Protein chains: 2
Amino acid sequence: MTTPQLTKNQSLVFDVLEKAEGPLSAYTILDKLRDHGFRAPLQVYRALEKLLEYGVVHRLESINSFVACAHPGDDCHSHGIVAFAICESCGQVTEFHDHEVDHRLMGWVQGQKFKPEKTTIEIRGLCEACAA
Amino acid sequence: MTTPQLTKNQSLVFDVLEKAEGPLSAYTILDKLRDHGFRAPLQVYRALEKLLEYGVVHRLESINSFVACAHPGDDCHSHGIVAFAICESCGQVTEFHDHEVDHRLMGWVQGQKFKPEKTTIEIRGLCEACAA
DNA sequence: ATCAATTGCGTTATGCTATAACGTGTGCGA
DNA sequence: TCGCACACGTTATAGCATAACGCAATTGAT
């Protein structure tokens, strides 16, 4: 899937996420965009919905937050399953892919005749700097 | 870790989860226990906190719900990372383990010197029955 | 050109999920 | 017996997400 031209609200939300150091909650994004006319959560959620669909933003289920995809210009959907390491101290998020993990998980679901739609892999812990 | 004797509230919450067909939200559990004297969410959340700690209940991050562990009498903490397949149609949850997936993920984090605390793997999609 | 369908947007209201903060009682070891 | 840890109850609040309404702009088929 190719990413279409973003609308005004989508661009605003995406820019906030790109410039952020780490993941942001929808309400944090809302607060950062009040000066740009945002007034209600739905404005954020609707933009996020599209950005997630385009694959340029990821949702971190375990912390109810969102991050810009770490592959600028690239299409995350082509990388298979995306995994995240989330530092619980500094909030830093590292995105990675592992084909062997994909392969094992997909092998398992095929054995169950389970039809996967969306897979979440999130490792929470401490990054190198924070663990020291 | 061995599971200590459960308190009254912990037992009530655990029983509800065990008898349930699928995952339940904290508020659903609350509703099911109103007849037993439960009045506030905290009574549920506090019990869940302990049950999660003991490893007899799992939290499904992607759907904000809880399930009893699929290994009766066993200690989930000894199985390594737990993965879940969640049917978005019927709500059925299948729990499984894959050492190779564990190994790959732990290999990756060690390369990053990341110290993992809690890992989430959840595959949402359609189970065999619902995909038909 | 026009009508219908689609999409984005704004607003209000509401619902669901989770925790803070306070106080009570009980059991148990120093 | 004092202090501590823990489970519990209650009220209030914080944080996350969506329903439902209406309007405007765009597109595309007839």
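Model, not experiment: these values are computed from the prediction. (Residues numbered from 1 in each chain as written. Chains lettered and ligands numbered in written order. Predicted model: local features only at pLDDT ≥ 70, side-chain atom pairs only at ≥ 80, totals over all residues. Heavy atoms only, no water.)

1. Some remarks on helix α4 (residues 99–112) of chain B
Its 14 residues place the ends of α4 of chain B 20 Å apart at the C-alpha level, agreeing with the 20 Å of an ideal helix rising 1.5 Å per residue. Those residues of α4 of chain B that fall on the buried side of the exposure criterion are Val101, Asp102, Leu105, Trp108 and Val109 of chain B. Buried residues along α4 of chain B cover an arc of 135° about the axis, so they all sit on one side. Those residues of α4 of chain B that are exposed and angled more than 90 degrees off the buried face are His99, His103, Gln110 and Gly111 of chain B. If you follow the buried residues of α4 of chain B, they end up packed against β3 (83–87), β4 (93–96), α4 (99–112) and β5 (115–126) of chain A together with β5 (115–126) of chain B. A distance of 2.8 Å separates the backbone nitrogen of glutamate 100 of chain B from a side-chain oxygen at the start of α4 of chain B, and that oxygen is part of aspartate 98 of chain B. Trailing α4 of chain B by a residue or two, lysine 113 of chain B shows a phi angle of about 55°, which is positive. (Helix = DSSP H or I, 4+ residues; strand = E, 2+ residues; numbered from the N terminus. Expected span 1.5 Å × (residues − 1). Buried < 20%, exposed > 50% of the residue type's maximum accessible area, 1.4 Å probe, protein only. Arc of directions from axis to C-beta. Contact = heavy atoms within 4.5 Å. Polar contact = N/O pair within 3.5 Å; in protein donor to acceptor, adjacent residues only side chain to side chain.)

2. What to know about the protein's contact with DNA strand D
The local shell around DNA strand D holds 15 residues, among which Tyr27 and Arg59 of chain A together with Thr7, Gln43 and Arg46 of chain B are the closest. Sugar and phosphate atoms form 45% of the subset of DNA strand D atoms that lie within 4 Å of the protein. Asparagine 64 of chain A places a polar side-chain atom, nitrogen or oxygen, 3.4 Å from a phosphate oxygen of DNA strand D. One of the side-chain N or O atoms of arginine 46 of chain B is found 2.3 Å from a base nitrogen in DNA strand D. Elements supplying a minimum of two residues to the surface near DNA strand D: α3 (41–54) of chain A together with α1 (8–19) and α3 (41–54) of chain B. (Near = heavy atom within 4 Å.)

3. Considering the interface of chain B and chain A
Contact with chain B, which involves 33 residues of that partner, is made by 33 residues of chain A. Summed over the shared surface of chain B and chain A, the result is four salt bridges. Those elements giving two or more residues to the side of chain B that touches chain A turn out to be β3 (83–87), β4 (93–96), α4, β5 and α5 (128–131) of chain B. Top contributing element to the side of chain B that touches chain A by residue count: β5 of chain B, with 12 residues. Within the side of chain B that touches chain A, the residues separate by chemical class into 15 nonpolar, six polar and 12 charged. (Salt bridge = Lys/Arg side-chain N within 4 Å of Asp/Glu carboxyl O. Nonpolar A, V, L, I, M, F, W, Y, C, P; charged D, E, K, R; others polar.)

4. Remarks on a nonpolar patch on the surface
Residue and element names in this part refer to chain A. Together, Tyr27, Leu42 and Tyr45 make up a nonpolar patch on the protein surface, roughly 320 Å² of accessible area in all. Looking at the element boundaries, leucine 42 is found in helix α3. Judged by relative accessible area, which is 47%, leucine 42 ranks as partly exposed. (Patch = residues over 30% accessible without salt bridge, like charges linked within 9 Å, V, L, I, M, F, W, Y side chains within 5 Å. Areas by Shrake-Rupley, 256 points an atom, 1.4 Å probe, with all protein chains shown as cover.)

5. Describing the pairing of strand β2 (residues 65–68) of chain B
Residues and elements named next belong to chain B. Both faces of β2 are covered, namely the face carrying Ser65 and Val67 and the face carrying Phe66 and Ala68. Both strand β1 (residues 57–60) and β2 contribute to a ladder of four bridges, which runs antiparallel. By the bridge assignment for β2, leucine 60 is matched with serine 65. Counting the residues that bridge the hairpin from β1 to β2 gives four residues, and of these asparagine 64 lies at a positive phi of roughly 45°. (Pairing = 2+ DSSP bridges.)

6. So, the pattern of salt bridges
In total, this model carries 14 salt bridges over all chains according to the counting rule given. In this structure, aspartate 98 of chain B and arginine 104 of chain A form a salt bridge, with 3.0 Å as the shortest nitrogen-oxygen distance. A residue pair is termed interchain when its members come from two chains, as with aspartate 98 of chain B in the loop between β4 and α4 and arginine 104 of chain A in helix α4. Classification of aspartate 98 of chain B as buried rests on a relative accessible area of 12%. What makes arginine 104 of chain A partly exposed here is its relative accessible area of 34%.

7. Section: the packing of aromatic side chains
Summed over the entire model, instances satisfying the criterion amount to three aromatic pairs over all chains. Relative to tryptophan 108 of chain B, the ring of phenylalanine 96 of chain A has its centre 3.6 Å away and its plane inclined at 5°; by these criteria the two rings are stacked. With one member in each of two chains, phenylalanine 96 of chain A in strand β4 and tryptophan 108 of chain B in helix α4 form a pair that bridges those chains. The residues phenylalanine 96 of chain A and tryptophan 108 of chain B share a single accessibility class, namely buried. Taken together, a centroid distance of 6.5 Å and an interplanar angle of 70° make the contact between tyrosine 27 of chain B and tyrosine 45 of chain B edge-to-face. Of this pair, tyrosine 27 of chain B sits in helix α2 (residues 26–32) while tyrosine 45 of chain B sits in helix α3, and the two are 18 residues apart along the sequence. (Phe/Tyr/Trp six-rings, centres within 6.5 Å; stacked < 30°, edge-to-face > 60°.)

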